[in-house]
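# Structural description and commentary
The residues making up each chain are set out below.
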Amino acid sequence: MTDDSPGPPAPDLDRALFREVAGRFATGVAIVTTVADGADHAMTVNAFTSVSLEPLLVLVCVERVARFHDVVLAAGRWAVSVLAADMRDASEWFATRGRALDGGLRRWPHTRGPATGAAVLDGALGVLECRTHAVHDGGDHSIVVGEVLTLQVPDPDGRPLIYYGGAYHAL
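Criteria and thresholds
- Residues numbered from 1 in each chain as written.
- Predicted model: local features only at pLDDT ≥ 70, side-chain atom pairs only at ≥ 80, totals over all residues.
- Heavy atoms only, no water.
- Salt bridge = Lys/Arg side-chain N within 4 Å of Asp/Glu carboxyl O.
- Buried < 20%, exposed > 50% of the residue type's maximum accessible area, 1.4 Å probe, protein only.
- 1 Å grid on protein atoms, 1.4 Å probe; cavity = no way out; pocket = protein on both sides within 12 Å on 5 of 7 lines; lining within 4 Å.
- Points joined across faces, edges and corners; volume = space filled by probe spheres on them.
- Helix = DSSP H or I, 4+ residues; strand = E, 2+ residues; numbered from the N terminus.
- Polar contact = N/O pair within 3.5 Å; in protein donor to acceptor, adjacent residues only side chain to side chain.
- Pairing = 2+ DSSP bridges.
- Axes fitted to C-alpha atoms, helices over the stretch in contact; angles between N-to-C directions.
- Contact = heavy atoms within 4.5 Å.
- Phe/Tyr/Trp six-rings, centres within 6.5 Å; stacked < 30°, edge-to-face > 60°.
- Lys NZ or Arg CZ within 6 Å of the ring centre and 35° of its normal.

## Things to note about the pattern of salt bridges
Across all of its chains, the model carries six salt bridges by this definition. Of the charged contacts in the structure, one is a salt bridge between Arg24 and Glu20, with a shortest N-O distance of 4.0 Å. Take Arg24: its relative accessible area is 48%, and that puts it in the partly exposed class. For Glu20, a relative accessible area of 46% corresponds to the partly exposed category.

Next comes the structure, spelled out in structure tokens:
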């Protein structure tokens, strides 16, 4: 039998140290896109992972104060473009807070996903289109779980963009 009681509160931990420790876990980089009221919206994420094979589920974590948060929740459909090593500029652009929304995707060639209508970046290593399956509280983020609707591997031999220790890298 397990004890489900919450236990003692966590001690006050240094948030800067937390970021440093968490940054020791290398992650891939992706751009999540959606369409709302005819306008494109996009955000860089490194909190993306597979969740389940039955059904096919993935998750992304979206900061609650980000403009993208309410838009992706309202849209209910979104796409994930897994970035190649040469797509750092796109990652940096879509991670920029307060950037202009109008025409932001024009700088990067893209097509529309057939299941979501969301922008899918040309040159991505992998692409998933999703329908929101569940949303969970994640503190200052929402954990958005998506049911995978379509899959593509446009560049099976490409090299991924990696984020580690607060900096971009390539394999």
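## Some thoughts on the layout of surface pockets
There is about 1,400 Å³ of room inside the largest pocket. Every residue lining the largest pocket is counted, 39 residues in all, and those nearest its centre are Arg19, Thr44, Asn46, Glu63 and His141. Secondary structure elements with two or more residues in the lining of the largest pocket: helix H1 (15-22), strand E3 (39-45), strand E5 (56-63), helix H2 (67-75), helix H3 (88-94) and strand E11 (161-164). With five residues, E3 is the largest single contributor of residues to the lining of the largest pocket.

## Re H1
Of all eight residues making up H1, only zero are buried, and the element is barely covered by its neighbours. Of the residues flanking the start of H1, the one acting as N-cap is Asp14, its side-chain oxygen 2.8 Å from the backbone nitrogen of Ala16.

## Observations concerning the sheet that holds strand E2 (residues 30-36)
Taken in spatial order, the seven strands make up an open sheet running E3-E2-E6-E9-E10-E5-E4, and their pairing is antiparallel. Each end of this open sheet is capped by a strand with a single partner; those strands are E3 and strand E4 (48-53). Across this sheet, the average inter-strand angle for adjacent strands is 35 degrees, counted without regard to direction. Note: E5 against strand E10 (residues 141-152), seven bridges, orientation antiparallel. Bridge pairing in E10 places Glu63 opposite His141. Contacting E2, E3, E5, strand E6 (77-82), strand E9 (126-138) and E10, H2 runs over the sheet at an angle of about 65 degrees to E2.

## A word on the packing of aromatic side chains
Geometry of an aromatic ring pair is reported as the spacing of the ring centres plus the angle between the planes. Throughout the structure, instances matching the rule amount to three aromatic pairs. Consider the rings of Trp93 and Trp108, whose centres lie 6.4 Å apart with planes at 35 degrees: the pair is tilted. A residue pair is termed long-range when its members are at least 10 positions apart, and Trp93 in helix H3 and Trp108 in the loop between H3 and strand E7 (110-112) qualify at 15 residues. Note on Trp93: relative accessible area 23%, which makes it partly exposed. On the basis of relative accessibility, which here comes to 8%, the residue Trp108 falls in the buried class. Taking NZ or CZ as reference, Arg107 lies 4.8 Å from the ring centre of Trp93, over its face.

## Describing the side chain of Thr116
With respect to the secondary-structure elements, Thr116 resides in the loop between E7 and strand E8 (119-121). For Thr116, a relative accessible area of 16% translates into the label buried. In terms of polar contacts, Thr116 uses its side chain to reach the backbone amide nitrogen of Ala118, at 3.1 Å. Here Glu129 takes part through its side chain, which lies 2.6 Å from a polar atom of the side chain of Thr116. The contacts of Thr116, once residues within four sequence positions are left out, are Arg77, Trp78, Ala79, Glu129, Cys130 and Leu149.

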